[in-house]
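Report on the structure
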Amino acid sequence: MPLHLLPRRAFLRRALLAGTSLLAARPLFAAESSRWALLSDTHIGPKPDTLARETNMADHLRTSVQEVLALKSSLAGVFVNGDCALKAGLLEEYATFTALVQPLVAAGLPLHFTLGNHDDRAHFWQALQVAAEAARPVPGKHVSVVKSPLANWFLLDSLDVVDKAPGKLEAAQRDWLAKSLDEHKDKPALVMVHHNPHLDPAKPNGALQDTAELLEILLPRKHVKALFFGHSHKWDLKERDGLHLVNLPAVAYPFAKDQPTGWVDCRLTASSTTLELHAHNAQHPAHGKPVELKWRS
Ligand SMILES: [Zn+2]
């Protein structure tokens, strides 16, 4: 699969050391698990000591990676929901980023990505050694479906112009999403996109430009249970017609002083998810408080 960072080398090395064939070797991650680590907005700069908003983002990501690693045997995988890079998706930013997430790869955890407005698609593919010319479900976009026992994840690409806040999906990607959702009605569908939906017309729209069109796809398809997004660097849970709207916090830094940074532990059942914030500041009121979201029927 060209879309994800999978632990091929570690897998190969372990399999060879064990003297087993690849087919006989056991996967190193919990493939049947229903627990996921959700990270967003890591904003890694060109150097590990790069600062922004008085924050060392590499330190924040390193801490979150260590916390995720502590759960590695129970995790199915890790999502990083866009804005991996600090500002403009530079190759140096991705070099720093991939070094910081390498412990997850070495631990055998699959990593899945979406792209944000501070990413650069071509540089991202280059950094992850993905062929830019590879056949894709939507040409020129980084989208995918990640299947798992209790839910299917649909990862979208809302990157429009690098380093400009607004994002959009556009018609081809929305058509692909509608078709893919219809082809996967057997399980709950969870959709992930970097940009937050633009729900308040009174606010300036630096969010997802085609929010209305996306909701027209998601809301009537009752097997779609939740939309996960970042971009606003905010930990927030809302609902629209029973569809959960999960705003993931940034790993890097908040825009508002009262917002936490960190990552979210996501445990799925057949009828719900339980989300738990792992904030960098353990004193934050939302830290370590599990919230159960029941699926709409
Ligand atoms: Zn961001």
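1. Things to note about the overall build of the protein
- Helix and strand counts for the protein stand at six helices and 15 strands.
- Per-residue burial over the protein gives 40% buried out of 297 residues.
- In the protein, the share of contacts with a sequence separation of at least 24, taken over all contacts with a separation of at least 6, comes to 68%.

2. Some points on the pairing of strand β9 (residues 189-192)
- Neither face of β9 is exposed, since A189 and V191 on one face and L190 and M192 on the opposite face are all buried.
- Tracing the backbone out of strand β8 (residues 152-155), into helix α5 (residues 171-183) and back to the parallel element β9 gives a crossover that is right-handed.
- Relative to strand β10 (residues 224-229), β9 runs parallel, the two being bridged by four bridges. Within the sheet, the bridge partner assigned to A189 lies in β10 and is V224.
- Viewed along the sheet, the connection from β9 through helix α6 (residues 211-218) into β10 turns out right-handed.

3. What to know about the packing of α5 against α6
- Close contact between α5 and α6 brings their axes to 10 Å; oriented N to C, the two are set at 15°. The orientation of α5 with respect to α6, classified from their angle, is roughly parallel. Relative to α6, the crossing made by α5 is right-handed. Contacts from R174, L177 and A178 in α5 reach E213, L214 and I217 in α6.
- Its residues assigned to classes, the contact of α5 with α6 shows four nonpolar, no polar and two charged.

4. A look at the sheet that holds strand β11 (residues 236-240)
- Spatially, six strands are ordered β7-β8-β9-β10-β12-β11 in an open sheet, and the strand pairing comes out mixed. Edge positions in the open sheet fall to β7 (144-147) and β11, since each of these has one partner strand only. For this sheet, the mean angle separating the axes of adjacent strands, direction not counted, is 20°.
- Two elements, β7 and β8, share four bridges in a ladder whose sense is antiparallel. Its bridge partner being in β8, K147 is matched across the sheet by N152.
- Contacts from α5 reach β7, β8, β9 and β10, with the element oriented near 175° to β8.

5. Regarding the confidence of the model for the protein
- In this model, the protein carries an average pLDDT of 90, and 89% of its residues clear a pLDDT of 70 or more.
- Confidence over residues 7-28 falls short of pLDDT 50; this stretch has 19 contacts with residues more than four positions distant or in other chains.

6. A word on unusual backbone geometry
- Unusually for a residue other than glycine, D41 sits at a positive phi of about 50°.
- When the 26 C-beta atoms within 10 Å are taken as the criterion, D41 is described as buried.
- A positive phi angle, close to 60°, is found at E54, a residue other than glycine.
- Secondary-structure assignment places E54 in the loop between β3 (51-52) and β4 (55-56).

7. Focus: the pairing of β7
- Only one face of β7 is buried: it carries S144 and V146, and the other face, with V145 and K147, is open.
- Counted between consecutive antiparallel strands, the loop separating β7 from β8 contains four residues.

8. A closer look at helix α3 (residues 91-106)
- Here α3 is 16 residues long and its end C-alpha atoms lie 22 Å apart, about the 22 Å a rise of 1.5 Å per residue gives.
- Along α3, the sharpest change in direction is near 40° and occurs at L100; proline P103 comes one to four residues later.
- Every buried residue belonging to α3 is among E93, Y94, T96, F97, L100, V101 and L104, and all of these are buried.
- Where α3 is buried, its residues contact α2 (57-69), β5 (77-81), β6 (111-114) and α4 (121-127).
- Taken from the residues just after α3, G108 is the one with a positive phi, measuring 90°.

9. Topic: the packing of α2 against α3
- It is the contact of α2 with α3, at a shortest axis distance of 8 Å, that shows an interaxial angle of 20°. On the basis of their axis angle, the class for α2 and α3 is roughly parallel. In this structure, the crossing between α2 and α3 has a hand that is right-handed. Residues A58, L61, R62, V65, V68 and L69 of α2 pack against T96, L100, V101, P103 and L104 of α3.
- Among the residues making up the contact of α2 with α3, the classes are represented as nine nonpolar, one polar and one charged.

Criteria and thresholds
Residues numbered from 1 in each chain as written. Predicted model: local features only at pLDDT ≥ 70, side-chain atom pairs only at ≥ 80, totals over all residues. Helix = DSSP H or I, 4+ residues; strand = E, 2+ residues; numbered from the N terminus. Buried ≥ 20, exposed ≤ 12 C-beta atoms within 10 Å, placed from the backbone. Contact = placed C-beta atoms within 7 Å. Right-handed = clockwise from strand over helix to strand, strands pointing away. Pairing = 2+ DSSP bridges. Axes fitted to C-alpha atoms, helices over the stretch in contact; angles between N-to-C directions. Parallel < 35°, antiparallel > 145°, perpendicular 65-115°, else oblique. Left-handed = near helix turned anticlockwise from the far one by under 90°. Nonpolar A, V, L, I, M, F, W, Y, C, P; charged D, E, K, R; others polar. pLDDT = per-residue confidence, 0-100. Expected span 1.5 Å × (residues − 1). Bend = angle between axes of the 7 residues up to and from the residue.

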